[in-house]
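# An overview of the molecular structure
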Amino acid sequence: MVATPPETAPIDFGAQVQAEAYRRGLSRAKFVYLVMDGAVWLWDLVQDRFAGALKALDFHHAREHLQAIADALHGTGSEQAGEWLKPLLHSLRHGQEQNVMENLEDLLISTTSLCRPELQTDLEREVKYFQSHQDHLHYQAMEEAGAPLGSGAVESLGKQLQARLRGCGQFWDRSGFNALLSLCVLTKNKDASLLWN
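One structure accompanies this document, and this report is about it. (Residues numbered from 1 in each chain as written. Predicted model: local features only at pLDDT ≥ 70, side-chain atom pairs only at ≥ 80, totals over all residues. Heavy atoms only, no water.)

### With respect to the nonpolar core
Judged by nonpolar contacts, the single largest core of 37 residues is most densely connected at Leu66, Leu92, Phe130 and Tyr139. Elements that contribute at least two residues to this core include exactly strand 1 (33–36), helix 2 (40–49), strand 2 (54–57), helix 3 (59–74), helix 4 (79–93), helix 5 (97–111), helix 6 (117–132) and helix 7 (139–144). Apart from residues lying up to four places away in sequence, Leu92 is in contact with Phe59, Ala62, Leu66, Glu97, Val100, Leu137 and Tyr139. Core analysis: the next-biggest nonpolar cluster, separate from the first, contains five residues, Leu161, Phe177, Leu181 and Cys184 among them. (Core = buried A, V, L, I, M, F, W, Y, C linked by side-chain atoms within 4.5 Å. Buried < 20%, exposed > 50% of the residue type's maximum accessible area, 1.4 Å probe, protein only. Helix = DSSP H or I, 4+ residues; strand = E, 2+ residues; numbered from the N terminus. Contact = heavy atoms within 4.5 Å.)

Quick look at the structure:
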């Protein structure tokens, strides 16, 4: 586990993640899988530090973006949105990601002159999101390789750390916060013995 203070530069965070990965055996790994959300800075970091890894966009983030399109087209939470979404999710999850991309691109072309400008802007944004992650949507292949499809465990750990360090009535100066964060990381990584060496 790597956790850094909020003001840490992405390049410094990337260096710490890479160092921890090597410490944990990255150089001996036959395959390296990375599953992340869509934050551009994370993908830049991965390209810089882990270019050879097999990468996947967190499936739940992909689902959320497809849901946003369904809601924009058919109304939030509507039955029609669900009917539109269900086959696309099935295709995305079961090795037909190219069909999903083609459907999204066709949708964008077919709605260009037919919909409100704000809807068209939303559709363009979401389709571009999927186009930028086109190489990260191979969920069936990732699952067959034994790789995770979601980043929920990492996100959950982040929420736990925030709850412990930013709870109600807790106030830390920067040096105190950084010291507590370091202790949490050492404990989670089962490296507390390093405190005494």
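Okay, back to it.
### Let's talk about the environment of Leu119
Looking at the secondary structure, you find Leu119 in helix 6. Take Leu119: its relative accessible area is 8%, and that puts it in the buried class. Distance from Leu119 to Ala72, taken between C-alpha atoms, is 6.6 Å for residues 47 residues apart in sequence. In contact with Leu119, not counting residues within four places along its chain, are Ala72 and Leu73.

### Topic: the side chain of Asp58
Looking at the element boundaries, Asp58 is found in the loop between strand 2 and helix 3. Among the polar contacts listed, one links the side chain of Asp58 to the backbone nitrogen of Ser151, at a separation of 2.4 Å. (Polar contact = N/O pair within 3.5 Å; in protein donor to acceptor, adjacent residues only side chain to side chain.)

### Let's talk about the pairing of strand 2
As paired elements, strand 1 and strand 2 share four bridges and run parallel to each other. Note on strand 2: the bridge partner recorded for Val35 is Ala56. Handedness of the strand 1-helix 2-strand 2 crossover: right-handed. (Pairing = 2+ DSSP bridges. Right-handed = clockwise from strand over helix to strand, strands pointing away.)

### A closer look at the packing of aromatic side chains
Applying the stated criterion to the full structure yields four aromatic pairs. Between the aromatic rings of Tyr129 and Phe130, the centroid separation amounts to 5.7 Å while the plane-to-plane angle is 85°, which identifies the pairing as edge-to-face. Residues Tyr129 and Phe130 agree in their burial class; the two are buried. (Phe/Tyr/Trp six-rings, centres within 6.5 Å; stacked < 30°, edge-to-face > 60°.)

### Let's talk about the environment of Leu92
Inspection of the secondary structure puts Leu92 in helix 4. Note: C-alpha distance between Leu92 and Tyr139 (47 residues apart in sequence) is 7.2 Å.

### Quick word on the packing of helix 1 (residues 10–23) against helix 2
In contact at an axis separation of 10 Å, helix 1 and helix 2 are set at 50° when each is read in the N-to-C sense. Compared by their axis directions, helix 1 and helix 2 come out oblique. Between helix 1 and helix 2 lies a crossing whose hand is right-handed. Between helix 1 and helix 2, the contacting residues are Pro10, Ile11, Phe13, Gly14, Ala15 and Gln18 on the first element and Trp41, Leu45 and Arg49 on the second. For the contact of helix 1 with helix 2, the class distribution of residues is six nonpolar, two polar and one charged. (Axes fitted to C-alpha atoms, helices over the stretch in contact; angles between N-to-C directions. Parallel < 35°, antiparallel > 145°, perpendicular 65-115°, else oblique. Left-handed = near helix turned anticlockwise from the far one by under 90°. Nonpolar A, V, L, I, M, F, W, Y, C, P; charged D, E, K, R; others polar.)

### Re the pattern of salt bridges
This model, assessed by the stated rule, comprises seven salt bridges. Put simply, Glu20 and Arg24 hold a salt bridge, and the shortest N to O gap is 2.7 Å. With relative accessibility at 14%, the residue Glu20 sits in the buried group. Its relative accessible area of 47% is what places Arg24 among the partly exposed residues. Between Glu126 and Arg125 there is a salt bridge; the shortest N-O distance is 3.5 Å. (Salt bridge = Lys/Arg side-chain N within 4 Å of Asp/Glu carboxyl O.)

### Section: the packing of helix 3 against helix 4
Their axes nearest at 9 Å, the elements helix 3 and helix 4 cross at an angle of 150°. Judged by the angle between their axes, helix 3 and helix 4 are roughly antiparallel. Regarding helix 3 and helix 4, the two cross each other, and that crossing is right-handed. Contacts between helix 3 and helix 4 involve Phe59, Ala62, Arg63, Leu66, Gln67, Ile69, Ala70, Asp71, Leu73 and His74 from the first element and Gln80, Ala81, Trp84, Leu85, Leu88, Leu89, Leu92 and Arg93 from the second. Per-class residue counts for the contact of helix 3 with helix 4 are twelve nonpolar, three polar and three charged.

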